[in-house]
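# Reading the structure
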Amino acid sequence: MISIIDYDAGNIKSVEKALQFLGEDVIITSDRETILSSDKVILPGVGAFGDAMNKLEVRGLVEVIRDFAETGKPFLGICLGLQLLFEESEESPGVKGLGLLKGRIVRIPGSDELKVPQIGWNNIKVNPGSRLLAGLGDNPYVYFVHSYYLQAEHAEEVAATTEYGVTIHAAVEKGNIMATQFHPEKSSDTGLRILKNFTAM
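Residues numbered from 1 in each chain as written. Predicted model: local features only at pLDDT ≥ 70, side-chain atom pairs only at ≥ 80, totals over all residues. Heavy atoms only, no water.

Our focus in this paragraph is helix H6 (residues 188-199). An ideal rise of 1.5 Å per residue puts 16 Å on twelve residues; H6 measures up with 17 Å between its terminal C-alpha atoms. Restricting attention to buried positions, one finds in H6 the residues Gly191, Leu192, Ile194, Leu195, Asn197, Phe198 and Thr199. In this structure, the buried residues of H6 make contact with strand E1 (2-5), helix H1 (12-21), strand E3 (40-43), strand E4 (75-78), strand E9 (141-146) and strand E13 (177-180). (Helix = DSSP H or I, 4+ residues; strand = E, 2+ residues; numbered from the N terminus. Expected span 1.5 Å × (residues − 1). Buried < 20%, exposed > 50% of the residue type's maximum accessible area, 1.4 Å probe, protein only. Contact = heavy atoms within 4.5 Å.)

Residue Pro117 is bonded to the preceding Val116 through a cis peptide linkage, with omega at 5°. Here Pro117 lies in the loop between strand E6 (103-107) and strand E7 (118-123). The phi dihedral of Asp8 is positive, around 60°, even though this residue is not glycine. When you line up the elements, Asp8 lands in the loop between E1 and H1.

This part takes up the nonpolar core. Among the nonpolar cores identified, the biggest contains 33 residues, and Ile5, Tyr7, Leu43, Leu56, Phe75, Leu84 and Phe86 are the most heavily contacted of them. Those elements giving two or more residues to this core turn out to be helix H2 (32-36), E3, helix H3 (49-58), helix H4 (61-70), helix H5 (80-84), strand E10 (148-152) and E13. Broken down by element, the residue count for this core peaks at six residues, all from H4. Ignoring any residue separated from it by four or fewer positions in sequence, one finds Phe75 in contact with Ile5, Val41, Leu43, Ile65, Phe68, Leu85, Asn176, Ile177, Met178 and Phe198. Residues Ile124, Leu136, Phe144 and Ala160 belong to the second largest nonpolar core, which totals 28 residues. (Core = buried A, V, L, I, M, F, W, Y, C linked by side-chain atoms within 4.5 Å.)

As structure tokens, then:
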């Protein structure tokens, strides 16, 4: 069973549909016992960092996520779900993230050539040791929608990077905790391969 954490933060149904397409048993839930008893958990999300952290706190999900992460079972953050795993974001000064990984979230610097938010397809450079991104070939293209990006503190936890005016840490892995800034559920066959890699863990 794969639990998708429900905290009213968008893009949940598209993640569910992608996993169902792969033949997975999926539930959308905010129930503590259901989440903790799951084989794997996904934290999706679109929207603002501070608002999302507030929703997680109101639903009692902050400790649930931390407790699940400690089980060693696979955990995947997607888009805002990646950002929430870290300590803080320029988007919401003073709001603490989940702090499961070290790093901060900063705004993409805009320019005449590069619009913010970044919306659309971009290629990623994959760390060859990544389990989540294994088998994608050279410079696969994935779908991004974001205005803020990750600066991870530990380079060895960066599973992929992309370039958009700056070098963006596009995916991370630390033990059982994995996350992508891009949307695998919207990234065609490449995204399905990533989700398949996750479900096979």
